[in-house]
Amino acid sequence: MTKQNPRPTVLVVGLGGTIAMTPSATDGAARPTLSAEDLLAAVPQLAYTDVDIKTLSFTSKPGASLTLDDIEELASRLWAMDSEGAFDGIVVTQGTDTLEETSYLLSLLYEAKAPLVVTGAMRAPYLAGADGPANLLAAVTVAASPQARGLGVLVVFNDQVFDAARVRKSHSTSTNAFTAPDTGPLGTVVEGRLRLLATPAHKPLAMAAALTRPARVGLYVASLGDDGALLASLLDQVDGMVIAGFGVGHVPETWVPILHKAAQRIPVVFASRTGGGTTLTRAYGFDGSEKDLLSCGLIGAGHLDPYKARHLLTVLLRSGAGREKVRATFAPAGSTSEGRG
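What counts and how
- Residues numbered from 1 in each chain as written.
- Predicted model: local features only at pLDDT ≥ 70, side-chain atom pairs only at ≥ 80, totals over all residues.
- Heavy atoms only, no water.
- Phe/Tyr/Trp six-rings, centres within 6.5 Å; stacked < 30°, edge-to-face > 60°.
- Helix = DSSP H or I, 4+ residues; strand = E, 2+ residues; numbered from the N terminus.
- Buried < 20%, exposed > 50% of the residue type's maximum accessible area, 1.4 Å probe, protein only.
- Axes fitted to C-alpha atoms, helices over the stretch in contact; angles between N-to-C directions.
- Left-handed = near helix turned anticlockwise from the far one by under 90°.
- Contact = heavy atoms within 4.5 Å.
- Nonpolar A, V, L, I, M, F, W, Y, C, P; charged D, E, K, R; others polar.
- Expected span 1.5 Å × (residues − 1).
- Arc of directions from axis to C-beta.
- Pairing = 2+ DSSP bridges.
- Right-handed = clockwise from strand over helix to strand, strands pointing away.
- Core = buried A, V, L, I, M, F, W, Y, C linked by side-chain atoms within 4.5 Å.
- Lys, Arg positive; Asp, Glu negative; His and termini not counted.
- Salt bridge = Lys/Arg side-chain N within 4 Å of Asp/Glu carboxyl O.

Peer 1: Please give an account of the packing of aromatic side chains that cites residues and values.
Peer 2: Per the counting criterion, the structure on display carries three aromatic pairs. Each ring, one from Phe 157 and one from Phe 178, has its centre 4.7 Å from the other, and the planes form 45°; the classification is tilted. Of the two residues, Phe 157 sits in strand E7 (residues 153–157) while Phe 178 sits in strand E10 (residues 178–179), which places them 21 residues apart along the sequence. Pairing Tyr 220 with Trp 255 gives two aromatic rings, centres 5.5 Å apart and planes at 70°, and the pair type is edge-to-face. One end of the pair, Tyr 220, is in strand E13 (residues 217–221); the other, Trp 255, is in the loop between strand E14 (240–245) and helix H6 (256–263), and 35 residues separate them in sequence. Overall, the relative accessible area of 11% leaves Tyr 220 in the buried class. We classify Trp 255 as buried; its relative accessible area is 0%.

Next up, the structure:
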């Protein structure tokens with residue numbers, strides 16, 4: 001089906017989250033209850049945009065309860081809709097607890113022409129200064145913009161536009177909670193228009209693979225004084241592991257034999273726990289350094305943070321990728337430019 005309307009059409013998909021929450025009559029605590037239609041009704045300024053809007057209430061969950069299967073199903077449905085040519089852009093609203101993770105997952109699973117923009121809110125609609133309506137208006141503006149086409153999945157928050165592969169939630173309560181430590185925002189929304197300041201240095205890494213195989217991937221954070229005993233136990237229970245290491249990818253020296261042994265059986269990826277920067281390859285050579293881990297068969301995550309590295313490894317394993325495919329995929333995925341490791 002080909003869309004005949006010359007005005008851009010944007011599909012707004014509701015997943016729940018703070019942006020859709022109202023207070024409970026029993027205890028006054030917020031829970032997701034509002035539909036996608038309800039969210040649009042709270043943004044009268046949308047009537048003054050040159051955009052036709054459709055809605056889909058996909059689910060109603062807090063961000064913490066969304067699952068990989070939820071996101072895979074959503075990506076599949078949106079891809080099917082895009083193939084019909086009915087929409088020029090898509091906005092997904094959800095809880096901010098996991099927005100940095102689900103947006104990256106969507107970038108791996110959704111490969112289509114229509115821009116996909118993820119947004120949410122830090123303040124529920126019934127609170128003073130609720131930010132959901134402004135974020136939704138900005139997200140629709142970006143999704144409808146021709147400039148957004150080809151940029152992959154984007155996150156729009158507080159009138160800033162972020163690459164899904166680089167965005168981080170860096171504050172638990174601020175309405176300015178989302179940042180991109182390594183790159184900054186790609187653009188802003190000003191006077192009702194997208195002003196693009198930069199484009200991602202890497203091509204969108206959409207894999208669009210069927211996740212038919214079971215795979216459990218763990219995430220373990222390095223901390224001072226951890227002897228690795230709990231890590232050794234966990235490694236026996238997973239199909240892949242991401243280590244959130246110190247600094248540029250360091251772990252205690254007592255972990256090295258444990259990780260070396262595990263890397264012979266499963267993919268083990270090391271990332272930086274710092275929230276910014278990259279893992280290195282050869283700057284340090286002590287036991288437990290990045291050079292030592294690479295020599296033991298581990299894989300560096302580069303600029304991917306531990307959470308995104310875990311999702312990439314999960315998608316790869318669930319789609320049947322072998323060890324060499326995993327290693328080859330992480331090189332460009334963790335780079336700031338295509339082809340650099």
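This is not the end of the story, as more comes after the structure.
Peer 1: Describe the packing of helix H3 (residues 99–109) against helix H8 (residues 306–318), and please don't skip the residues or the numbers.
Peer 2: The N-to-C vectors of H3 and H8 enclose an angle of 35°; their axes lie 10 Å apart at closest approach. Where H3 crosses over H8, the two elements pack in a sense that is right-handed. Here Glu 100, Glu 101, Tyr 104, Leu 105, Leu 108 and Leu 109 of H3 lie close against H8, whose contacting residues are Tyr 307, Lys 308, His 311, Leu 312 and Val 315. For the contact of H3 with H8, the per-class residue count stands at seven nonpolar, one polar and three charged.

Peer 1: Quick one: what's the story with helix H2 (residues 68–83), residue by residue and with numbers?
Peer 2: Between its first and last C-alpha atoms H2 spans 23 Å; for 16 residues at 1.5 Å apiece the expected length is 22 Å, and the two agree. Buried within H2 are the following residues: Leu 68, Asp 70, Ile 71, Leu 74, Ala 75, Leu 78, Met 81 and Asp 82. When H2 is viewed along its axis, its buried side chains cluster within an angular range of 150° and face the same direction. Buried residues along H2 sit in contact with strand E1 (9–16), strand E4 (52–61), strand E5 (89–93), H3, strand E6 (116–119) and H8.

Peer 1: I'd like a description of the pairing of E5, backed by residues and values.
Peer 2: Of all five residues that make up E5, five are buried, and the element is covered over most of its length. A two-sided burial pattern is seen for E5, the buried positions comprising Gly 89, Val 91 and Thr 93 on one face and Ile 90 and Val 92 on the other. Pairing between E5 and E6: four bridges, direction parallel. For Val 91, the partnering residue across the bridge sits in E6 and is Val 117. Where the polypeptide runs from E5 across H3 and back to E6, its parallel neighbour, the crossover connection is right-handed.

Peer 1: Describe the environment of Ala 198, and please don't skip the residues or the numbers.
Peer 2: With respect to the helices and strands, the residue Ala 198 is situated in the loop between strand E12 (193–196) and E13. Note on Ala 198: relative accessible area 35%, which makes it partly exposed. Separated by 15 residues in the primary sequence, Ala 198 and Thr 183 place their C-alpha atoms 9.4 Å from one another.

Peer 1: Give a description of the sheet that holds strand E16 (residues 299–300) that names residues and reports values.
Peer 2: The strand order across the open sheet built from four strands is E13-E14-E15-E16, with neighbouring strands paired in parallel fashion. Each edge of the open sheet carries a strand with a single partner, namely E13 and E16. Taken together, the five bridges between E13 and E14 define a ladder with parallel strand orientation. Each bridged residue has a counterpart across the sheet, and for Leu 219 the counterpart in E14 is Val 242.

Peer 1: Can you break down the nonpolar core residue by residue, with the values?
Peer 2: Ranked by size, the top nonpolar core spans 55 residues in total, and within it Val 13, Leu 78, Val 92, Leu 116 and Phe 330 carry the most contacts. Residues in contact with Leu 116, not counting those within four places in the same chain, are Leu 78, Ile 90, Val 92, Leu 106, Tyr 110, Gly 152, Val 153 and Leu 154. Judged by nonpolar contacts, the second largest core, of 27 residues, contains Leu 39, Val 43, Leu 136 and Leu 151.

Peer 1: Can you explain the packing of H8 against helix H9 (residues 323–333)? Please cite residues and give values.
Peer 2: Direction vectors running N to C along H8 and H9 enclose 145°, while the axes themselves pass 11 Å from each other. Like other packed secondary-structure pairs, H8 and H9 cross with a definite hand, here right-handed. On H9, the residues that touch Ala 309, Leu 312, Leu 313, Leu 316 and Leu 317 of H8 are Lys 325, Val 326, Thr 329, Phe 330 and Ala 333. Looking at the contact of H8 with H9 residue by residue, the class counts come to eight nonpolar, one polar and one charged.

Peer 1: Got a sec to walk through the side chain of Asp 131? Specific residues and values, please.
Peer 2: Within the fold, Asp 131 resides in the loop between E6 and helix H4 (132–144). We note that Asp 131 is buried and unpaired, the nearest opposite charge coming from Arg 123 at a distance of 5.9 Å. Apart from the residues lying within four places of it in its own chain, the contact partners of Asp 131 are Ala 121, Met 122, Arg 123, Phe 157 and Thr 175.

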